[in-house]
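# Coordinates in review
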Amino acid sequence: MHSFKNPLIIALDFDNINEALNLAEKIRPYAGGFKVGMQLYYSAGQEVLHQLRAKNLPVFVDLKLHDIPNTVAGATRALTRQGASILNVHAAGGKTMMRSAAEAARDEADKSGSVRPLVVAVTVLTSIDQIVFWQEMGHSGAIQDRVVAWALMAQEAGLDGVVASPLEIAAIRDACGPDFVIITPGIRPAGTAINDQKRTLTPGEALKQGATYLVVGRPVTASHAPLEAIKAIVNEIS
Ligand code: C5P
């Protein structure tokens, strides 16, 4: 198991690898781990994972894989070899796709002698609200019901957990039990900008609800004083 020293995962959403690594170095005493998403991975490639791993920093590789099972399995194998501590796939890709990812991570970690990454499913993005969910995405019913249904499906497929809004934590915990990993973006310390997120909670409230890991981006990375910003969050949650 990769170890995160606290539940706080900082999203390094930058184009530039040096900017990302400099910030990571500066705030590492307070961060549990770092998240490399599409913006940084597509700009800097696997070098960024290599550099973060060389510093012994656990990395959540947030590429939200969503394709046919064989392709997702191949991508999962590649990210396992590259040292991902956590990686994710879209629950909307279906149970077979999720199971392929879980099996590929297990098998590739055994073959390459690397540590198996946690594989989690993205449920409904935290930027989606109930109206968009109905009118643009064609779903009916409440977002929370869809999230819980996908979380159960992910668990049946052998995944370790889900990415969901902090508003759904309690319902997922009830349905999936105490060991299921729940990662929540949409975290906003009191008084900070919401940006494009819709379903948010403060770090302390999200942990109280039962989140395993919190993903925080702009409240730290876009702050004029990132070190102070992360210290304030660590104070709030400890
Ligand atoms: O800057 P902010 O704190 O909103 O960043 C949230 C991070 O979490 C972003 O990197 C975004 O890609 C990611 N994320 C999300 N919602 C999800 C999954 C991931 O906001 N459902």
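Let me sum up the structure you'll find in this document. (Residues numbered from 1 in each chain as written. Predicted model: local features only at pLDDT ≥ 70, side-chain atom pairs only at ≥ 80, totals over all residues. Heavy atoms only, no water.)

## Topic: the site of the ligand
Going by this rule: Proximity is defined per residue: if any heavy atom of the residue lies within 4 Å of a molecule or strand, that residue is considered near it. Two N or O atoms count as a polar contact when they lie within 3.5 Å, although within protein this holds only if one can serve as hydrogen donor and the other as acceptor, and sequence-adjacent residues are included solely when both atoms are side-chain atoms. We get accessible surface area from the Shrake-Rupley algorithm with a probe of 1.4 Å; when it comes to residues, only the shown protein chains can shield them. Only protein atoms enter the 1 Å grid used here, on which a cavity is any set of points holding a 1.4 Å probe that cannot leave and a pocket is any open set flanked by protein within 12 Å on both sides along at least five of seven lines; residues with an atom within 4 Å of a point are listed as lining. Each molecule is checked against the cavity or pocket grid, and it sits inside if more than half of its atoms lie within 2 Å of the grid points. The helix count covers DSSP runs of H or I at least four residues long, the strand count covers runs of E at least two residues long, and both are numbered beginning at the N terminus. Each residue receives one of three labels: charged for Asp, Glu, Lys and Arg, nonpolar for Ala, Val, Leu, Ile, Met, Phe, Trp, Tyr, Cys and Pro, and polar for the others, Gly being one of them.
Surveying the vicinity of the ligand reveals 16 residues, the closest of which are D13, K35, R188, G217 and R218. Between an oxygen atom of the ligand and a side-chain N or O atom of R188, the distance comes to 2.7 Å. Considering the ligand on its own, with 470 Å² of exposed area, one finds that the protein chains cover 88% of that surface. The cavity where the ligand resides is the largest pocket. Secondary-structure elements contributing two or more residues to the shell around the ligand are β3 (59–65), β8 (213–216) and α10 (218–221). Classifying every residue of the shell around the ligand gives seven nonpolar, three polar and six charged.

## Regarding the layout of surface pockets
The condition that has to hold: Grid points are joined across faces, edges and corners, and a volume is the space filled by probe spheres set on the points.
One number sums up the size of the largest pocket: a volume of about 540 Å³. Taken together, 29 residues line the largest pocket, and the ones lying closest to its centre are K35, D62, K64, P185 and Q197. The element contributing the most residues to the lining of the largest pocket is β3, with three residues. Taken together, the residues that form the lining of the largest pocket break down as 13 nonpolar, nine polar and seven charged.

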